[in-house]
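# A look at the structure
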Amino acid sequence: MGLMDGKRGIVFGVANDRSYAWYIAQQLLAEGAECRFSHLPGEKMERRVRNALNELGLSDPKLYACDASNDDDLDAMFAKLRDDVGTIDFLVHSIAFADRQFLQIGNFYTTSRAAWNQALDISAYSLLAMVQRAAPMMPEGGSVISMSYYGGEKVVPGYNVMGIAKAALEHTTRYLAAEMGAKNIRINSISGGPLRTLAAMAVGGIGVMFEHHAKKAPLKRNIEGEEVGDTAVFLLSDRASAITGEIIHVDSGYNIVGV
Ligand SMILES: NC(=O)c1ccc[n+]([C@@H]2O[C@H](COP(=O)([O-])OP(=O)(O)OC[C@H]3O[C@@H](n4cnc5c(N)ncnc54)[C@H](O)[C@@H]3O)[C@@H](O)[C@H]2O)c1
């Protein structure tokens, strides 16, 4: 018996076998969930995601192309998903993007309007856009999670405009949770510790962040992807049936330490 037996959902954000979404999918599959996946449009992107999912034992994963900054793409993707499965129980939002030019230490003040809008659009608004389309496919209720980071609460040099996007994502989580509760749809976010992924490597000073985190966190170490996967499964399962609008830190306790 798995925690997610009989549950089906869509996972956004697998880029490769180091993505947070990959670890989340790994744990979801281990607990019996049926997962469908999105990838950025393009053959190369599709191949990369397919290969990563093959490693999870999915020989023919069901994939949907979607650029989350494009409403037409989102409409088409959710329409296809609805045609294929009818209803879903969960949605994983594990995507973010900001122009790396603006993710360097000391240059937050140079952020252009275009870079700001793009970062907030892809990394925060997209959660709202997905829930708008997923909610009608969750007639009995459902559970949605997104991935945040401490840089949305406090200043983390180099995280810059992505920190603004995470602040927006976290508060979008709360506003969405308040409205979607009446439909028994829960919306939560995981604030994960730093993990060596493609997205993380675009952030200036990330190496120092890992060292600092391991030294300062109460557990005296960085986190493993599986640990976020486990928390994701809990939040997406019925075990978390009274939890909504929360930002759960999976960060070895880093966020509680002042000095
Ligand atoms: N790695 C970390 O240290 C860390 C820590 C906390 C939170 N997070 C968050 O975890 C989430 C996943 O990132 P990751 O670290 O696994 O990196 P990743 O690079 O593996 O994943 C980022 C994903 O975002 C997708 N994406 C980017 N632009 C998109 C668009 N326009 N439409 C659809 N998808 C798009 C990419 O295709 C990729 O799959 C992000 O929200 C990130 O901010 C990461």
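That block above? That's the structure.
So, a few notes on the structure that sits alongside this text. These numbers come from a predicted model, not from an experiment.

### Regarding the pattern of salt bridges
A side chain of one charge can pair with a side chain of the opposite charge if their charged atoms are brought near each other. Across all of its chains, the model carries eleven salt bridges by this definition. With its nearest N and O atoms 3.9 Å apart, the salt bridge here joins E34 to R8. With E34 in strand 2 (residues 34-39) and R8 in strand 1 (residues 8-12), the pair connects residues that are 26 residues apart, well separated along the chain. Of the charged contacts, one joins R133 and D71 as a salt bridge, the two residues approaching to 3.4 Å between their closest N and O atoms. A residue pair is termed long-range when its members are at least 10 positions apart, and R133 in helix 4 (residues 113-134) and D71 in helix 3 (residues 71-85) qualify at 62 residues.

### A look at the nonpolar core
Among soluble globular proteins, nonpolar side chains are generally buried collectively. Core analysis: the biggest nonpolar cluster contains 32 residues, and V11, V14, L28 and F90 have the highest contact counts within it. Every element with two or more residues in this core is listed here: helix 1 (20-30), strand 2, helix 2 (43-54), strand 4 (90-93), strand 5 (142-148) and helix 8 (225-236). Tallying contributions element by element places helix 1 first for this core, with seven residues. Those residues in contact with V14, other than ones at most four positions away along the chain, are S19, A21, W22, F37, V49, A52 and L53. Formed by 30 residues, the second largest nonpolar core is a distinct cluster that contains F12, A68, L74 and I185.

### Observations regarding the site of the ligand
In the vicinity of the ligand, 26 residues are found, and the nearest of them are S19, Y20, K166, L195 and T197. Contacts to the ligand include L195, whose backbone N or O atom sits 2.8 Å from an oxygen atom. In isolation the ligand exposes 810 Å². Once the protein is present, 92% of that is buried. Those elements that place two or more of their residues in the shell around the ligand are strand 5 and helix 6 (198-201). Per-element accounting of the shell around the ligand gives the leading share, three residues, to helix 6. Split into classes, the residues belonging to the shell around the ligand amount to 17 nonpolar, seven polar and two charged.

### Quick word on the packing of helix 4 against helix 5 (residues 160-180)
In contact at an axis separation of 9 Å, helix 4 and helix 5 are set at 20° when each is read in the N-to-C sense. Classified by the angle between their axes, helix 4 and helix 5 sit roughly parallel to one another. Here helix 4 runs over helix 5; the crossing is right-handed. Residue-level contacts link W116, A119, L120, S123, A124, L127, L128 and V131 of helix 4 to V161, M162, I164, A165, A168, L169, T172, T173, L176 and M180 of helix 5. Residues of the contact of helix 4 with helix 5, tallied by class, amount to 15 nonpolar, three polar and no charged.

### Description of the environment of G229
Note that G229 resides in helix 8. Taking relative accessible area as the criterion, G229 reaches 0% and is therefore assigned buried. Remark: the alpha-carbon pair of G229 and F102, spanning 127 residues in sequence, is separated by 29 Å.

### Digging into unusual backbone geometry
Unlike most non-glycine residues, N184 shows phi in positive territory, near 60°. Examined against the element boundaries, N184 turns out to sit in the loop between helix 5 and strand 6 (185-192). Owing to a relative accessible area of 47%, N184 belongs among the partly exposed residues under this scheme. Within the chain, K220 stands out as a residue other than glycine whose phi angle is a positive 55°. Here K220 lies in the loop between helix 7 (206-216) and helix 8.

### Quick look at the sheet that holds strand 2
Read across the open sheet, the seven strands follow the order 3-2-1-4-5-6-7; overall the sheet is parallel. Edge positions in the sheet fall to strand 3 (63-65) and strand 7 (247-250), since each has one partner strand and no second. When the angles between neighbouring strand axes are averaged without regard to direction, this sheet yields 20°. Its contacts with the sheet place helix 2 against strand 2 and strand 3, and it is angled at close to 150° to strand 2.

Calculation notes
All residue numbers refer to positions counted from 1 along the written sequence of the respective chain. In keeping with the model being predicted, local features are shown solely for residues with a pLDDT of at least 70 and side-chain atom pairs are shown and tallied solely at 80 or more, while totals for entire chains, interfaces and linings include all residues. For the side-chain quantities, the full set of heavy atoms in the structure was used; hydrogens and water were omitted. Put simply, a salt bridge is a Lys or Arg side-chain nitrogen that is within 4 Å of an Asp or Glu carboxyl oxygen. Labels follow the DSSP assignment, with helices taken as runs of H or I lasting at least four residues and strands as runs of E lasting at least two, numbered in each case from the N terminus. Nonpolar core, defined: a set of buried Ala, Val, Leu, Ile, Met, Phe, Trp, Tyr and Cys residues in which side-chain atoms within 4.5 Å join the residues together. Burial classes: relative accessible area under 20% of the type maximum marks a residue as buried, over 50% as exposed, and values in between as partly exposed (1.4 Å probe, protein chains only). By definition, residues are in contact when any of their heavy atoms lie within 4.5 Å. Nearness is defined per residue: one heavy atom within 4 Å of the molecule or strand is enough. Polar contacts here mean pairs of N or O atoms no more than 3.5 Å apart (in protein, one a potential hydrogen donor and the other a potential acceptor; neighbouring residues in sequence count only if both atoms are side-chain atoms). Only the protein chains shown count as cover for residues, and all accessible areas are computed by the Shrake-Rupley method using a 1.4 Å probe. When residue character is reported, Ala, Val, Leu, Ile, Met, Phe, Trp, Tyr, Cys and Pro are called nonpolar, Asp, Glu, Lys and Arg charged, and the others, Gly included, polar. Note on definitions: angles span 0 to 180 degrees between N-to-C directions of axes, and those axes are lines fitted to C-alpha atoms, for helices only across the stretch in contact. Throughout, the term roughly parallel applies to angles under 35 degrees, roughly antiparallel to angles over 145, roughly perpendicular to angles from 65 to 115, and oblique to all others. Crossing handedness is defined as follows: a turn of the near helix away from the far one that is anticlockwise and smaller than a right angle gives a left-handed crossing, while the clockwise case is right-handed. For two strands to be treated as a pair, DSSP must find no fewer than two bridges joining them.

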